[in-house]
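Results of the structural survey
What follows is each chain in one-letter form.
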Number of protein chains: 2
Amino acid sequence: MSLKDDMKKLALDVKAASKKMANAPTEIKREALINMAVLLTENADKLIKENKKDLEEAEKKGLSRAMIDRLALTESRVLSMADGLKEVASLTDPVGEISNIRKRPSGIQVGKMRIPLGVIGIIYEARPNVTADAAGLCAMAGNAVILRGGSESINSNRAVAELLQQGLVSAGLPKEAVTLVQVTDRTAVLEMLQLEEEIDLIIPRGGEGLIRFVVENSKIPVIKHYKGVCHIFVDEGASHDKALNIVINAKTQRPGVCNSVETLLVHEKDAEGFLPLLAAKFSKAGVEMRGCERSREIVPSMKVATEEDWHAEYLDLIIAIKVVDDMDGAIAHINEYCSLHTESIVTEDYTRAMRFIREVNSSVVMANASTRFSDGGQFGLGAEIGISTTKLHSFGPMGIEDLTTQKFIVFGEGQVRE
Amino acid sequence: MSLKDDMKKLALDVKAASKKMANAPTEIKREALINMAVLLTENADKLIKENKKDLEEAEKKGLSRAMIDRLALTESRVLSMADGLKEVASLTDPVGEISNIRKRPSGIQVGKMRIPLGVIGIIYEARPNVTADAAGLCAMAGNAVILRGGSESINSNRAVAELLQQGLVSAGLPKEAVTLVQVTDRTAVLEMLQLEEEIDLIIPRGGEGLIRFVVENSKIPVIKHYKGVCHIFVDEGASHDKALNIVINAKTQRPGVCNSVETLLVHEKDAEGFLPLLAAKFSKAGVEMRGCERSREIVPSMKVATEEDWHAEYLDLIIAIKVVDDMDGAIAHINEYCSLHTESIVTEDYTRAMRFIREVNSSVVMANASTRFSDGGQFGLGAEIGISTTKLHSFGPMGIEDLTTQKFIVFGEGQVRE
């Protein structure tokens, strides 16, 4: 059989399993996830052994330190995968929930019922923990999942996926509901992206290159998030204490993640008071500041920010700083350079807070809070499958409910259309 | 300039207009739509004159009668476009609505706010009324729209679009918020489908060929609906009166539309009692019945249904009929052949009604009602932009709210992440 036929057959098997998953009772899905967690914990040694093969191969191929770090499975990482599955098992099952029933003039009662999406394809890179995290969340939402991890983690992924399948089977669910694509060639991804009849949604998780490749080649809807160029705007009359706390937290608490701040905008009336205070704190924290001309007049030690800096997702202890004339200037800058991820205003003014919240159309817009809160866990969604910066279906952090959709339901008593 | 550059420039202008539309107050959007309606009514003669050019061209080209009928603008059709705009103007504006605010353990208040999608591309065939219907609904939801109608209706569409733009301008809104693509070549569609940075959603409206072309070539998310192969299942013990009313209404009230029934499934225990009654009614109504072997044993005058009939969207006074062993048989048949549009059960049994509602995962699932109710107007959505049979974003009839999305909003008081 050709790769095309193989992928089609695999997807058809997963689709058949998805029908069973869609009707699985909550307790059975919970049982499967708990069993998965137990199996991962009990087999930690075996997983670490399989992971070693991937690590050795990675060393041989000369992969970067960062890549190898993401690839490595330790005992604590295995336990954290297991904990993740237990946490997902404890979430409220969204499937079957009826809402919004209204009686229509014809007498029919029309409402909505939440249902699983069906088959979800996850295409990811080195991290083997995605295998368990994504599979658990998709399964709990009543979906089946096709996992296609990177070639560099194939041994780890295979070992994890086998245990996940055992967990499904032990609860009476079909093992095909979590299926790992064993072909690590990129042509397997290409074939997968053609299967619009079998796969309902593709979620790529990884670098921008992978995501662009998926978007360019997919006939299936893709939910994606390229990068996070998050902004904070310090408004005229903002509390300098609040602003300092928020900006420093948003930049330094964990600079390597997508919800850390990358560009700071400061109202011209506050720049002179605020920027020197900030520079003192940032200098202690080892943060490099790159400013516009006006910022550098106030804090001459800043490096010069170029056009590139306004686009930059540093993921590092670097921040771009710009003095703006007013709120219009701040919103115009954000509209031009933001990545639709997260923006925050620090202000004491009610009207401007509400205007910022209303007019900035990123997926998360905040007043007086650190951008670092932009996260499914912090928002109360439970585990997060990803962040969407495209507006269709979901916008912002995505939880279990975003892996479902709603159908219309109608309760009639024999009504016909006049 | 090349066509590629032209389309890019056009889309950038529309995108700029979409920012203004997103912030337009409800009253202003209403005013624009009412003005559009008045302008269409006042200029009915002119529209009919422009439409004549298209009709003459269509005759020359030898287009089908059905196509020419869809293309024709009469005074009553123009008035009905105007009425449609007024109706949309009266809908509740979904933009800016805050919902679901919850206080999180960190102290931040997290909720959602409804926002427009941005730029919507509508690709359609001969009907010039789509120009006004789609533009009005998109604009009321705070979006800008790029309209690309078929070449056969270019003169009509141009005349309608000009009046719509005048309506926008008269309310102080940018005319680019409703932009008609004047290039009728299909390469213009191809170029449009590449503009993923500028266009947020594509909705194709027309035949299956057009829709497949759009899906195959689009880098932008597409909401689509290929066809409606709707089923009714007459359950064991169903009221034969209810069943007759519903089946006859669903088939004959307006057979040419996608929510009319195409396949009837009958429980074997009721087939003998029910099918002869139905055959008598259908024979009077001029409906051709095509049955499975078991149905034909009961009503031998039926034609033979072949595999093709189970897939057929007749859009005509023809119905396929199958006797099934039980509910499992009915659900299995529906799962295999349905187009995810609308299915209905006629039953007096509570448990089986709920099971059908739960397990049939079409976009609309009914108990004891005619499939003909599957419609945005009947469901209380107001005007309908289309029906989605793909699960992402929207599933089923789509109204004004489906032309928006939700962003997360956070009200803080200086909180930072621990």
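Basis of the calculations
- Residues numbered from 1 in each chain as written.
- Chains lettered and ligands numbered in written order.
- Predicted model: local features only at pLDDT ≥ 70, side-chain atom pairs only at ≥ 80, totals over all residues.
- Buried ≥ 20, exposed ≤ 12 C-beta atoms within 10 Å, placed from the backbone.
- Helix = DSSP H or I, 4+ residues; strand = E, 2+ residues; numbered from the N terminus.
- Contact = placed C-beta atoms within 7 Å.
- Nonpolar A, V, L, I, M, F, W, Y, C, P; charged D, E, K, R; others polar.
- Domains from an automatic or database assignment.
- Pairing = 2+ DSSP bridges.
- Axes fitted to C-alpha atoms, helices over the stretch in contact; angles between N-to-C directions.
- Expected span 1.5 Å × (residues − 1).
- Least-squares fit on C-alpha atoms with pLDDT ≥ 70 in both.
- Right-handed = clockwise from strand over helix to strand, strands pointing away.

In this section: the pairing of strand β6 (residues 201-205) of chain A. Of all 5 residues in β6(A), 5 are buried, a share of seventy percent or more. In β6(A), alternate side chains face the same way, and those of Leu201(A), Ile203(A) and Arg205(A) on one face and Ile202(A) and Pro204(A) on the other are all buried.

Moving on, we come to the interface of chain B and chain A. Taken together, the 61 residues of chain B in the interface contact 61 residues of chain A. Every element with two or more residues in the side of chain B that touches chain A is listed here: α1 (3-22), β2 (109-116), α9 (208-217), α10 (240-252), α15 (350-359), β13 (364-369), α16 (376-379) and β16 (404-415) of chain B. No other element matches the 11 residues that β16(B) contributes to the side of chain B that touches chain A. Classifying every residue of the side of chain B that touches chain A by side-chain character gives 25 nonpolar, 22 polar and 14 charged.

Here we come to the domain arrangement of chain A. Accessible area lost when the parts come together is the quantity often used to give the size of an interface. We note that the domain assignment places domain 1 (3-224 + 397-410) and domain 2 (230-378) within chain A. For domain 1 of chain A versus domain 2 of chain A, the separation of C-alpha centres amounts to 36 Å.

Moving on to the sheet that holds strand β3 (residues 119-124) of chain A. All names here are of chain A. Taken together, the 4 strands give an open sheet; going across it, the order is β5-β4-β3-β6, and neighbouring strands pair in parallel fashion. Only two strands of the sheet have a single partner each, and these edge strands are β5 (178-180) and β6. With direction set aside, neighbouring strand axes in the sheet form an average angle of 20°. Both β3 and β6 contribute to a ladder of 5 bridges, which runs parallel. Residue pairing in the sheet places isoleucine 120 in a bridge with leucine 201 of β6. Most of the contacts of helix α6 (residues 129-140) go to strand β4 (residues 144-148), to which it runs at about 160°, and overall it touches β3, β4, β5 and β6.

To continue, consider helix α2 (residues 26-42) of chain A. Residues and elements named next belong to chain A. The end-to-end C-alpha distance of α2, which contains 17 residues, comes to 24 Å, matching closely the 24 Å that a straight helix rising 1.5 Å per residue would cover. Taken residue by residue, α2 has Lys29, Ala32, Leu33, Asn35, Met36, Ala37, Leu39 and Leu40 as its buried positions. Taken together, the buried residues of α2 touch α5 (75-89), α6 and α7 (154-170).

Expressed as a screw operation, the relation of chain B to chain A combines 0.0 Å of axial shift with a rotation of 180°, fitting to an RMSD of 0.0 Å. Within this description, the copies of the chain are treated as partners about a two-fold rotation axis. The rotation axis passes nearest to the C-alpha of His393(B) in chain B, at a distance of 1.8 Å. Taken together, the interface assignments show that 100% of the residues at the interface of chain B recur at the interface of chain A, consistent with an identical surface on both copies.

What follows is about the pairing of strand β12 (residues 342-346) of chain A. All names here are of chain A. With 5 of 5 residues buried, β12 is to be regarded as a mostly interior element. A two-sided burial pattern is seen for β12, the buried positions comprising Thr342, Ser344 and Val346 on one face and Glu343 and Ile345 on the other. Pairing of strand β7 (residues 230-234) with β12, which is carried by 4 bridges, proceeds in the parallel orientation. Along β12, the bridge assignment pairs histidine 231 with glutamate 343. As paired elements, β12 and strand β13 (residues 364-369) share 4 bridges and run parallel to each other. What sits directly across from glutamate 343, in β13, is valine 365. Once the chain exits β12 it traverses helix α15 (residues 350-359) before rejoining the sheet at β13, and the crossover so formed is right-handed.

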